[in-house]
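# Close look at the chain arrangement
Listed below are the residues making up each chain.
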Amino acid sequence: MNEQNSTSERIIKAFIELFRDYGYKGATTRAIAERAGVNEVTIFRHFGNKKGIMDAAIQSISYSPFLEKIISEDMIWDLEHDLWKIADSYHKDMEKIEDIVLLGFQEAQLFPELNEAILQIPKQLKANLVSYFTEMKRRGKLIDTDIEFQAMNFIWINFGYFLSKSRFGEKVISNSRNDFLKHSIQLFARGLTP
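Residues numbered from 1 in each chain as written. Predicted model: local features only at pLDDT ≥ 70, side-chain atom pairs only at ≥ 80, totals over all residues. Heavy atoms only, no water.

## Focus on the overall build of the chain
When its secondary structure is counted, the chain shows 10 helices and 0 strands. In sequence order, the chain lays out its α and β elements as α-α-α-α-α-α-α-α-α-α. The principal-axis extents of the C-alpha atoms in the chain amount to approximately 60 × 40 × 25 Å. Out of the 194 residues in the chain, the part that is buried amounts to 44%. Taking all contacts inside the chain whose residues are at least 6 apart in sequence as the whole, residues at least 24 apart take part in 67%. Counting only carbon and sulfur atoms, one obtains 53% of the accessible surface of the chain, whose full area is about 11,000 Å². (Helix = DSSP H or I, 4+ residues; strand = E, 2+ residues; numbered from the N terminus. Buried < 20%, exposed > 50% of the residue type's maximum accessible area, 1.4 Å probe, protein only. Contact = heavy atoms within 4.5 Å. Areas by Shrake-Rupley, 256 points an atom, 1.4 Å probe, with all protein chains shown as cover.)

## Looking at the nonpolar core
One finds Phe 15, Ile 32, Leu 79, Leu 83, Ile 86, Tyr 132 and Phe 133 to be the most contacted residues of the largest nonpolar core, which totals 61 residues. Sequence-distant contacts of Leu 79, that is, excluding residues within four places in its chain, are made with Tyr 132, Phe 133, Met 136, Leu 142, Ala 189, Leu 192 and Thr 193. (Core = buried A, V, L, I, M, F, W, Y, C linked by side-chain atoms within 4.5 Å.)

## So, helix H3 (residues 40-47)
Those residues of H3 not exposed but buried are Thr 42, Ile 43 and Phe 47. The buried residues of H3 occupy one face: seen down the axis, they fall within an arc of 105°. Exposed and facing more than 90 degrees away from the buried side of H3 are Val 41 and Arg 45. Just downstream of H3 lies Gly 48, where phi reads positive at about 85°. (Arc of directions from axis to C-beta.)

## What about the packing of helix H6 (residues 79-96) against helix H8 (residues 112-138)?
Between H6 and H8, whose axes approach to 12 Å, the crossing angle comes to 165°. Relative to H8, the element H6 lies roughly antiparallel. Crossing hand, H6 versus H8: right-handed. Contacts between H6 and H8 involve Leu 79, Asp 82, Leu 83, Ile 86 and Tyr 90 from the first element and Leu 125, Leu 129, Tyr 132, Phe 133 and Met 136 from the second. Partitioning the contact of H6 with H8 into residue classes produces 9 nonpolar, no polar and 1 charged. (Axes fitted to C-alpha atoms, helices over the stretch in contact; angles between N-to-C directions. Parallel < 35°, antiparallel > 145°, perpendicular 65-115°, else oblique. Left-handed = near helix turned anticlockwise from the far one by under 90°. Nonpolar A, V, L, I, M, F, W, Y, C, P; charged D, E, K, R; others polar.)

## Focus on helix H10 (residues 177-192)
Relative to the 22 Å expected for 16 residues at 1.5 Å per residue, H10 spans 22 Å between its end C-alpha atoms, a close match to the ideal helical length. Among all positions of H10, only Arg 177, Phe 180, Leu 181, Ser 184, Ile 185, Phe 188, Ala 189 and Leu 192 are buried. The arc that holds every buried residue of H10, seen down its axis, measures 130°, which confines them to one face. H10 presents Leu 187 and Arg 190 as exposed residues on the side facing more than 90 degrees away from its buried surface. Where H10 is buried, its residues touch H6, H8 and helix H9 (147-168). (Expected span 1.5 Å × (residues − 1).)

## Concerning the packing of aromatic side chains
Throughout the structure, instances matching the rule amount to 10 aromatic pairs. Chaining the aromatic ring pairs together yields one cluster made of Trp 77, Tyr 132, Phe 133, Phe 154 and Phe 188. One residue, Lys 50, lies across the ring of Tyr 24, its end atom 4.1 Å from the ring centre. (Phe/Tyr/Trp six-rings, centres within 6.5 Å; stacked < 30°, edge-to-face > 60°. Lys NZ or Arg CZ within 6 Å of the ring centre and 35° of its normal.)

## Quick word on the pattern of salt bridges
Counted by the stated rule, this structure contains 13 salt bridges. Across the pair Lys 92 and Asp 88 runs a salt bridge, and its minimum N-O distance is 3.1 Å. Of this pair, Lys 92 and Asp 88 both sit in helix H6, 4 residues apart, roughly one helical turn. The network of salt bridges with shared partners includes Lys 13, Glu 17, Asp 21 and Arg 35. (Salt bridge = Lys/Arg side-chain N within 4 Å of Asp/Glu carboxyl O.)

## Considering the side chain of Glu 107
Within the secondary structure layout, Glu 107 lies in helix H7 (residues 98-108). For the buried Glu 107, which has no salt bridge, the nearest side chain bearing the opposite charge is Lys 50, at an N-O separation of 7.6 Å. Residue contacts for Glu 107: discarding those within four places in its chain leaves Phe 19, Gly 23, Tyr 24, Lys 25 and Leu 114. (Lys, Arg positive; Asp, Glu negative; His and termini not counted.)

So yeah, pure geometry; function would need other evidence.
Spelled out as structure tokens, the structure:
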């Protein structure tokens, strides 16, 4: 089983490297197999097709599993503290994969299967945040509001900041990430706290 996981991990790693270098179209199963040091048939046995590799690669870099862990282990059920922890780790994670995210958006317009896979990321994040906000509401620590909208607002605030910094650097806002987190989370938490 370890050898199978190792092979799958090598294939996923090869896909990510090729995607970074050549885009989705250039990450052919033949090139992936060559880079991973496996037979092309091995790829199909492990993942079925290129879309299967892409789905596994996106899951391997997705923030959602980390968010689930943070919510289950690190929350103290104080909205401002918890949202800071969630947002700070989100931005650290996004910085590591910035090039993949930006290329993914660019390429998603050309490949519907890539667009569909990318769509799962905000859906997973929303589900995790809805779960957190629902628990906060149950504990009486959140106003009566549409939780799904608030989850999306939180995602949009943070993703918007990420995109702005990635695309324009400090030309739009020169403040640090910590300043952004301090002011945006403080305002967001105050708006939702009873």
